[in-house]
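Structure at a glance
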Amino acid sequence: MSEELPSTDIITLTRHILSDQYRLGPAATGDLTLLLNAIQTTSKFIATNVRKARLINLIGLAGETNVTGDEQKKLDVLSNDIMVNALRASRKTAVLVSEELEDAIVIEDKLKGKYCVVFDPLDGSSNIDAGVNIGTIFGVYKVSEGSTGTVADVLKPGSEMVAAGYTMYGSSANLVLSTGNGVNGYTLDSALGEFILTHPDIKIPSRGKIYSFNEGNSMYFHPPVVNYLNSIKYPANGKSPYSARYIGSMVADVHRTFLYGGIFGYPDDKKSKKGKLRLLYEAFPMAFLTEQAGGIATTGRGRILDIVPTDIHERCPVFLGSKDDVNDLLKFYEHDKA
Ligand code: P6P
């Protein structure tokens, strides 16, 4: 059996983003292409450091300093710093919002561009010592007409984002991206140093068999969530119950939901009045991707992408995934309203 020849027509993320730019015709300046390439570079850097940190932490080389004697920066701080520096240096951004920073960064005029990026540089980083997949989540807005680039440019509904994505760091690094024309997934080939298109045109199955909630919060859940979960755990008319899968790292739970279908939820409850997940750089990007992949993303009382943020770190309830599963959940909210 002849050895399979390597593909000689690999589609890298860079090439795919460029082809997307040409799709938009001469009106596309290439600025978003350069911005997304800056984000791609930060994901490669973070992937390398997550892998190193796992090794260092796990075999105890870290101590207070890393193997090269430098001061060991916390990984999420390091991930934040590489993103802030790369986005500023790209000269394509005007405003940055990071989960790691209390205040928004307004880029100095000489480096200012026409996009605003909101991001969680390393979501789920508390899981890193357990080797659980963690990730970077980002969303991109365009500076509004007539604006010089202020915080107001990111206090807009998620429906006004022009791109959103995440990079999941695990056994491999998977970058999932949408620029408003469907969702594509890319896997990092470390030898090449390139993200390669491996999951073209991701579509969430219309229904799945998995639910992904932290049921440790069950005693606080409101009735629509309790009743919905009971309906899939103790189904009537002889149907099989759903399976429970909960990793506790949003990027990993959402990635599985995109590929296998089902529903992911982090509801508001009696303890957390607005839920736990952040609207701007967790809920909005994942909702953008969900809708682009044919799914539904809701708070239970309305479309996530329609929310108008009032604070850059505000939280919101999140239910997302297969449209039939999320619509089943919404029936319980409708019933609760009636
Ligand atoms: P809990 C990680 O800390 C995170 O922000 C998300 O990635 C994840 O979905 C959620 O919190 C997990 O929260 O309360 O279930 O541990």
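What comes next concerns the included structure. (Residues numbered from 1 in each chain as written. Predicted model: local features only at pLDDT ≥ 70, side-chain atom pairs only at ≥ 80, totals over all residues. Heavy atoms only, no water.)

Within the protein chain, the secondary structure is distributed over 7 helices and 13 strands. Relative to the compact-globule value of 20 Å for 338 residues, the protein chain shows a C-alpha radius of gyration of 20 Å, a close match. Each principal axis of the C-alpha distribution contributes one length, and for the protein chain these read about 60 × 60 × 50 Å. By residue count, 52% of the 338 residues in the protein chain fall in the buried class. Across the protein chain, the fraction of contacts at a sequence separation of at least 24, relative to all contacts at a separation of at least 6, is 64%. When the accessible area of the protein chain is evaluated, it comes to approximately 15700 Å², of which 53% is carbon and sulfur surface. Counting 35 positive and 39 negative side-chain charges, the protein chain places the centres of these two groups 3 Å from one another. (Helix = DSSP H or I, 4+ residues; strand = E, 2+ residues; numbered from the N terminus. Rg over C-alpha atoms; globule rule 2.2 N^0.38 Å. Buried < 20%, exposed > 50% of the residue type's maximum accessible area, 1.4 Å probe, protein only. Contact = heavy atoms within 4.5 Å. Areas by Shrake-Rupley, 256 points an atom, 1.4 Å probe, with all protein chains shown as cover. Lys, Arg positive; Asp, Glu negative; His and termini not counted. Charge placed at Lys NZ, Arg CZ, Asp CG, Glu CD.)

Attention now moves to the pairing of strand S5 (residues 163–169). Burial of S5 is extensive: 7 of the 7 residues sit out of reach of the surface. Side chains Ala163, Gly165, Thr167 and Tyr169 project from S5 onto one buried face, and the interleaved Ala164, Tyr166 and Met168 project onto a second face that is buried too. Both strand S4 (residues 134–142) and S5 contribute to a ladder of 7 bridges, which runs antiparallel. If you follow valine 140 over to S5, its bridge partner there is alanine 163. (Pairing = 2+ DSSP bridges.)

Quick look at the sheet that holds strand S9 (residues 210–212) now. Taking strand neighbours across the sheet as the criterion, the 5 strands line up as S10-S9-S11-S13-S12 in an open arrangement whose pairing is mixed. Looking at the sheet topology across the chains shown, the edges are occupied by strand S10 (243–244) and strand S12 (296–298).

A separate point is the site of the ligand. Surrounding the ligand, one finds Asp123, Gly124, Asn214, Tyr246, Gly248, Ser249, Met250, Tyr266, Lys276, Leu277 and Glu282. For the ligand, an oxygen atom lies 2.5 Å from a polar atom in the side chain of tyrosine 246. Within the side chain of lysine 276, an N or O atom sits 2.9 Å from an oxygen atom of the ligand. When the ligand is considered free in solution it has 400 Å² of accessible area, and contact with the protein chains removes 79% of it. By residue class, the composition of the shell around the ligand is 4 nonpolar, 4 polar and 3 charged. (Near = heavy atom within 4 Å. Polar contact = N/O pair within 3.5 Å; in protein donor to acceptor, adjacent residues only side chain to side chain. Nonpolar A, V, L, I, M, F, W, Y, C, P; charged D, E, K, R; others polar.)

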